[in-house]
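# Secondary and tertiary structure notes
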Amino acid sequence: MGKVYLVGAGPGASDLLTLRAAEILKRAELVFHDSLVHPQTLALAARARKILVGKRSGRHSTAQSFINKRLVDAARKHAVVVRLKGGDPLLFGRAQEEIDALRRAGIDFEIVPGVTAATAAGAELGVSLTRRGLARHVAFVTPRAGQGERKNDWAASVLAADTAVIYMGAGLAEEISTELIARGKPKATPLALVESATLPGRRILRGTLADLPALALGTGGGPAVVLLGEVLRAASAEPVLAEKIEAILKRA
Ligand SMILES: C[S@@+](CC[C@H](N)C(=O)[O-])C[C@H]1O[C@@H](n2cnc3c(N)ncnc32)[C@H](O)[C@@H]1O
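Residues numbered from 1 in each chain as written. Predicted model: local features only at pLDDT ≥ 70, side-chain atom pairs only at ≥ 80, totals over all residues. Heavy atoms only, no water.

Before going further, it helps to spend a moment on the overall build of the protein chain. Of regular secondary structure, the protein chain possesses ten helices and ten strands. A burial count over the protein chain gives 44% of its 252 residues as buried. Taking contacts inside the protein chain between residues at least 6 apart in sequence as the whole, the part at least 24 apart equals 68%. Of the roughly 12800 Å² that the protein chain leaves accessible, carbon and sulfur atoms contribute 53%. (Helix = DSSP H or I, 4+ residues; strand = E, 2+ residues; numbered from the N terminus. Buried < 20%, exposed > 50% of the residue type's maximum accessible area, 1.4 Å probe, protein only. Contact = heavy atoms within 4.5 Å. Areas by Shrake-Rupley, 256 points an atom, 1.4 Å probe, with all protein chains shown as cover.)

This is how it looks when you write it as structure tokens:
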């Protein structure tokens, strides 16, 4: 019996891979990877057969149950099998279904974390997602639900959070903006849309919650996250204004 490694490939740039992930990729015999994984990251798995099982929403993808079965079958024939996922495997990556299938089959597995899109986008913006006195509650949400899946109240989490990062939301910009404003989020809430964070085609669009549908028209089809919250106002402000914000925070 082999072992399956669920490995986070990070948000894009291959040098954001962890050392542990790189070492496992070097030893891999089989790599099942998502479509967004960087070619230089895949190249580290020099000995491995690479199989694309990737998903981009709305496009053809391999059924999850089939991926689960392939991982189990592969571990019965190969010592080192890697399931390479964009970002961190445990966020919006359907990892639990794979973990459950491996557990049921009695296959040994290990999870290797990766840099998730939210923190990569924060880094691109030069903005801390938390900020002393201003933001102590960060929510990672997605409004996107698969076919037949129960809808969740993603908007309630965004309304409650000081900073929210919305994954897989650029194609739902109109719905996101309308829903949040209708439920009381101020139209002027500072917002940024970060597309292809850490990659050469990176795009950063800044505005307010009310601007989101217009901003989304300016994206080029790469993966994108929407960030919103007061931390973005402080960071994008002119230096003088930033000092004033700092002074207000100190008084509060
Ligand atoms: C299926 S989810 C996977 C998330 C991934 N597991 C993570 O931790 O980042 C794919 C979504 O992640 C976000 N994403 C992934 N890579 C990104 C990048 N380089 N820049 C901006 N957003 C990204 C987008 O919202 C995209 O639709």
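Close approach of charged atoms allows side chains of opposite charge to pair. Applying the stated criterion to the full structure yields 13 salt bridges. Here E124 ties to R202 by a salt bridge, and the two come within 2.9 Å at their closest N and O atoms. One end of the pair, E124, is in helix α5 (residues 117-125); the other, R202, is in the loop between β8 (190-195) and β9 (203-208), with 78 residues separating them in the sequence. Of the charged contacts, one joins E230 and R233 as a salt bridge, the two residues approaching to 2.6 Å between their closest N and O atoms. Separated by three residues within a single helix, E230 and R233 lie in helix α9 (residues 230-236), roughly one turn from each other. By relative accessible area, which is 32% here, E230 ends up partly exposed. We classify R233 as partly exposed; its relative accessible area is 38%. (Salt bridge = Lys/Arg side-chain N within 4 Å of Asp/Glu carboxyl O.)

Counting residues in hydrophobic clusters, the biggest one holds 22 residues, and the most contacted among them are V158, L180, L193 and L228. Of all elements in the fold, only β6 (138-141), α6 (154-160), β7 (163-166), α7 (173-182), β8, α8 (212-217) and β10 (224-229) reach the threshold of two or more residues within this core. Excluding anything up to four places from it in sequence, L180 contacts W154, A155, V158, L159, K185, L209 and L228. Among the nonpolar cores identified, the runner-up in size contains 18 residues, and Y5, A21, L42 and V82 belong to it. (Core = buried A, V, L, I, M, F, W, Y, C linked by side-chain atoms within 4.5 Å.)

The next subject is the environment of R206. With respect to the helices, strands and loops of the structure, R206 is situated in strand β9. Judged by its relative accessible area of 45%, R206 falls in the partly exposed class. Separated by 14 residues in sequence, R206 and A192 have C-alpha atoms that sit 4.4 Å apart.

With that out of the way, let us pick up the site of the ligand. Taken together, 16 residues sit near the ligand, with P11, L91, T116, M168 and A224 positioned nearest. Taking T116, its side chain carries an N or O atom lying 2.6 Å from an oxygen atom of the ligand. Contact distances for the ligand include 2.9 Å between a nitrogen atom and a backbone N or O atom of A197. Isolated, the ligand exposes 570 Å² of accessible area, and the fraction of that covered by the protein chains is 86%. Classifying every residue of the shell around the ligand gives eleven nonpolar, four polar and one charged. (Near = heavy atom within 4 Å. Polar contact = N/O pair within 3.5 Å; in protein donor to acceptor, adjacent residues only side chain to side chain. Nonpolar A, V, L, I, M, F, W, Y, C, P; charged D, E, K, R; others polar.)

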